[in-house]
Amino acid sequence: MSCTWSGCAATDGPGRTAANEALALTAMLRMSSEENSANRIATAAATMTLARIFDEIDSRLDLRRGIPNSSGSGSPSGSERNNGTE
């Protein structure tokens, strides 16, 4: 068996083809697993971003309807503080 920076390969003896195929399959499965993991992370991040966007839209719609700030901070937003002070 011979190993280089790109991987290992059986260079002589019986089972060379089988060993090379097994190594190739292992590399392919590892890449597939890494891709699946990256896709799961990206999907979770996109879902969280959408949730934040919807929350922001809801809070702005509530302000337009005159519903008080429900963020729990206890302080009104800038538009609520300045409402009716013109």
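Rules used in this analysis
- Residues numbered from 1 in each chain as written.
- Predicted model: local features only at pLDDT ≥ 70, side-chain atom pairs only at ≥ 80, totals over all residues.
- Heavy atoms only, no water.
- Helix = DSSP H or I, 4+ residues; strand = E, 2+ residues; numbered from the N terminus.
- Buried < 20%, exposed > 50% of the residue type's maximum accessible area, 1.4 Å probe, protein only.
- Areas by Shrake-Rupley, 256 points an atom, 1.4 Å probe, with all protein chains shown as cover.
- Expected span 1.5 Å × (residues − 1).
- pLDDT = per-residue confidence, 0-100.
- Salt bridge = Lys/Arg side-chain N within 4 Å of Asp/Glu carboxyl O.
- Patch = residues over 30% accessible without salt bridge, like charges linked within 9 Å, V, L, I, M, F, W, Y side chains within 5 Å.

1. Overview of the overall build of the protein chain
The helix and strand tally for the protein chain stands at two helices and two strands. For the protein chain, the α and β elements follow one another from N to C terminus as β-β-α-α. Here the protein chain holds 86 residues, and the buried ones make up 1% of them. Summed over its atoms, the accessible surface of the protein chain is roughly 7300 Å², and 57% of this surface lies on carbon and sulfur atoms.

2. Here we look at helix α1 (residues 16–65)
Because an α-helix packs 3.6 residues into every turn, residues spaced three or four apart end up facing the same way. The first and last C-alpha atoms of α1 sit 73 Å apart over 50 residues, in line with the 74 Å expected at 1.5 Å per residue. Following α1 by one or two positions, Gly-66 has its phi on the positive side, about 85°.

3. Considerations on the confidence of the model for the protein chain
This prediction gives the protein chain a mean pLDDT of 76; 62% of its residues lie at or above 70. Of all the helices and strands in the protein chain, helix α2 (residues 78–81) carries the lowest mean pLDDT, 52, while α1 carries the highest, 90.

4. Details of the pattern of salt bridges
This model, assessed by the stated rule, comprises two salt bridges. Of the charged contacts in the structure, one is a salt bridge between Glu-56 and Arg-60, with a shortest N-O distance of 2.7 Å. Of this pair, Glu-56 and Arg-60 both sit in helix α1, four residues apart, roughly one helical turn. The partly exposed category is assigned to Glu-56, whose relative accessible area is 39%. Asp-62 serves as the salt-bridge partner of Arg-65, at 3.3 Å between the closest nitrogen and oxygen.

5. With respect to a nonpolar patch on the surface
Nonpolar side chains collect at one region of the surface, where Leu-50, Ile-53, Phe-54, Ile-57 and Leu-61 lie side by side and expose about 440 Å² of accessible area between them. Mapped onto the elements of the fold, Ile-53 is located in helix α1.

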